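# Report on the structure
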Amino acid sequence: MTNCSRIRIALVIGQLTRGGAEGQLAQLAARLDPRRFEPFVYVLSTAREPWGTWLEQRHVPCTTIAGRIAVRVWQLAQRFIRDEIDLVHSWLYLANPIAALAALLARRPLVCAARNCKVNGTVSRWGNILAFRRSRRIITNSTDVAEYIVRHYAAPRARICVVPNGIDTSRFCPPAKPFGGSPIVMTAGRLVPQKNHEMFLRAAKELGVRFPQARFAIAGEGPLRRALEALAGEFGLAERVAFLGERGDLEVVLREAHVFWLTSRWEGMPNVLLEAMACGLPVVATDVGGCREVIGDAGGGVVVPADSIQGFVDATAKWLGSPMDYERASRAARKRAEEFSIERIVARMEDLYDEVVRR
């Protein structure tokens, strides 16, 4: 790279489906300063919607690298050379080992990332251990994830940089809605065991006893939908719980809600929590991953033990029972979310890229 040229960044990820890390990658790629950086996105599968098209509409090259692992490693290395990449940034545990090997073959510096607290199979675990050891920097989105990869992947602590997720606070913003009517308690996420929607329904049943006017909404799709719909019926909630499916307009749906619950068994740093808070929703979340870091202590939300249904009910009942308490929590939630604006996060990543390439 010459001093006058832009830094070419390779962003490597397993897929570009609708998800937290995928959205963060897309927002970063589209917002990097075009005077200093030129991003290239490489997807290690054919699952590249909706973000692949979204990126290409914004003139960010998005290349699919599919096939067996050895084929993907070789093709990725050739693309790094052909595209004159200056720095490789891999995202998530699937991409880290493949990108690390390709970067080694292409003789390119590497930055790896870890974004949730999850141990994969033995082969993947060792692949990530080696990738982390070769990486010049390891980016995590919370201190909880940082500690996790030190314990479970032997990641070198000195190379870890915590860069939290960012939120587009102009897209996710509070509506001009008064408190009152039938309050809506909402959650959003794939209908999979990790998100623990069964706990959401159990807490909804308890809250519904105290607030018969309350309604509930679950945005997301997944293999557990039928079982969860059946459970809602068993709890007598069939008419009070709306299953919204996968939504591309989550900012609109959030503005119609009043309180947000996150009942996950594990997380990294959940984007949806930031999105809900940016829309002025007080939040209750299980004390997992980076949830405590996101919510902070300004009064916009509460973290509760991972098995505490009563914690969800009590915190929400306080807000629903007092318009004054609700408005105070709503303002605090929005103010806290503004500290995670996407512009701030992109600036931090630009500084990190510049440091790694130019040192």
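The structure reproduced in this document is the subject of the present report. Treat the numbers as computed from the prediction; the structure is a model and nothing was measured.

Turning our eyes to something else, we now look at the overall build of the protein chain. What the protein chain contains, in helices and strands, is 14 helices and 13 strands. Here the protein chain has a C-alpha radius of gyration of 21 Å; the compact-globule value for 359 residues is 21 Å, and the two agree. Taken along the three principal axes of its C-alpha coordinates, the protein chain extends 65 × 40 × 35 Å. Relative to its 359 residues, the protein chain shows a buried fraction of 57%. When contacts within the protein chain are restricted to residue pairs at least 6 apart in sequence, those whose partners lie at least 24 apart make up 71%. Carbon and sulfur atoms form 51% of the exposed surface of the protein chain, whose accessible area is close to 15,500 Å².

Let's shift gears to helix 6 (residues 143-153). Looking at helix 6, one finds that the buried residues are Val145, Ala146, Tyr148, Ile149, Val150 and Tyr153. Just past helix 6, the residue Ala154 takes up positive phi, approximately 50 degrees.

Turning our attention to the nonpolar core. Residues Val12, Tyr42, Leu76, Phe80, Val88, Phe132 and Ile149 are the most contacted members of the largest nonpolar core, which totals 36 residues. Counting only elements with at least two residues in this core, the list comes to strand 1 (7-13), strand 2 (37-43), helix 3 (69-82), helix 4 (92-106), strand 5 (110-114), helix 5 (122-134) and helix 6. Ignoring sequence-local partners within four residues, the contact set of Val12 consists of Tyr42, Leu44, Leu76, Phe80, Val88, His89, Ser90, Trp91, Ala95 and Ala99. Core analysis: the second largest hydrophobic core is formed by 34 residues, Ile13, Ala29, Trp51 and Leu87 among them.

The subject of this paragraph is the pattern of salt bridges. Evaluation of the coordinates by the stated rule reveals 23 salt bridges. Across the pair Glu246 and Arg18 runs a salt bridge whose closest N-O atoms are separated by 3.2 Å. Of this pair, Glu246 sits in the loop between strand 10 (241-245) and helix 9 (250-255) while Arg18 sits in the loop between strand 1 and helix 1 (20-31), placing them 228 residues apart in sequence. Under the relative-accessibility criterion, Arg18 is labelled partly exposed at 39%. With a closest N to O distance of 3.5 Å, Arg36 and Glu350 form a salt bridge. With Arg36 in the loop between helix 1 and strand 2 and Glu350 in helix 14 (residues 342-358), this pair connects stretches of sequence that are 314 residues apart. Here Arg36 falls in the partly exposed class, since its relative accessible area comes to 29%. In this structure Glu350 comes out as buried when scored by relative accessible area, which is 10%.

By the secondary structure assignment, Arg125 is in helix 5. As for Arg125 and Ser341, which are separated by 216 residues in sequence, their C-alpha atoms are 32 Å apart. Side-chain polar atoms of Arg125 contact the backbone oxygen of His152, separated by 2.9 Å.

If you check helix 5, its first and last C-alpha atoms are 19 Å apart, about what 13 residues at 1.5 Å a residue would give, namely 18 Å. Within helix 5, the full set of buried residues consists of Gly127, Asn128, Ile129, Ala131 and Phe132. The inward-facing, buried residues of helix 5 contact helix 4, strand 5, strand 6 (137-140) and helix 6.

With that out of the way, let us pick up the side chain of Asn128. The topology assignment puts Asn128 in helix 5. Here the side chain of Asn128 touches Asn96 through a polar contact of 3.0 Å, side chain to side chain. With residues up to four places along the chain from it excluded, the contact list for Asn128 reads Tyr93, Asn96, Pro97 and Tyr153.

About the thresholds
Residues numbered from 1 in each chain as written. Predicted model: local features only at pLDDT ≥ 70, side-chain atom pairs only at ≥ 80, totals over all residues. Heavy atoms only, no water. Helix = DSSP H or I, 4+ residues; strand = E, 2+ residues; numbered from the N terminus. Rg over C-alpha atoms; globule rule 2.2 N^0.38 Å. Buried < 20%, exposed > 50% of the residue type's maximum accessible area, 1.4 Å probe, protein only. Contact = heavy atoms within 4.5 Å. Areas by Shrake-Rupley, 256 points an atom, 1.4 Å probe, with all protein chains shown as cover. Core = buried A, V, L, I, M, F, W, Y, C linked by side-chain atoms within 4.5 Å. Salt bridge = Lys/Arg side-chain N within 4 Å of Asp/Glu carboxyl O. Polar contact = N/O pair within 3.5 Å; in protein donor to acceptor, adjacent residues only side chain to side chain. Expected span 1.5 Å × (residues − 1).

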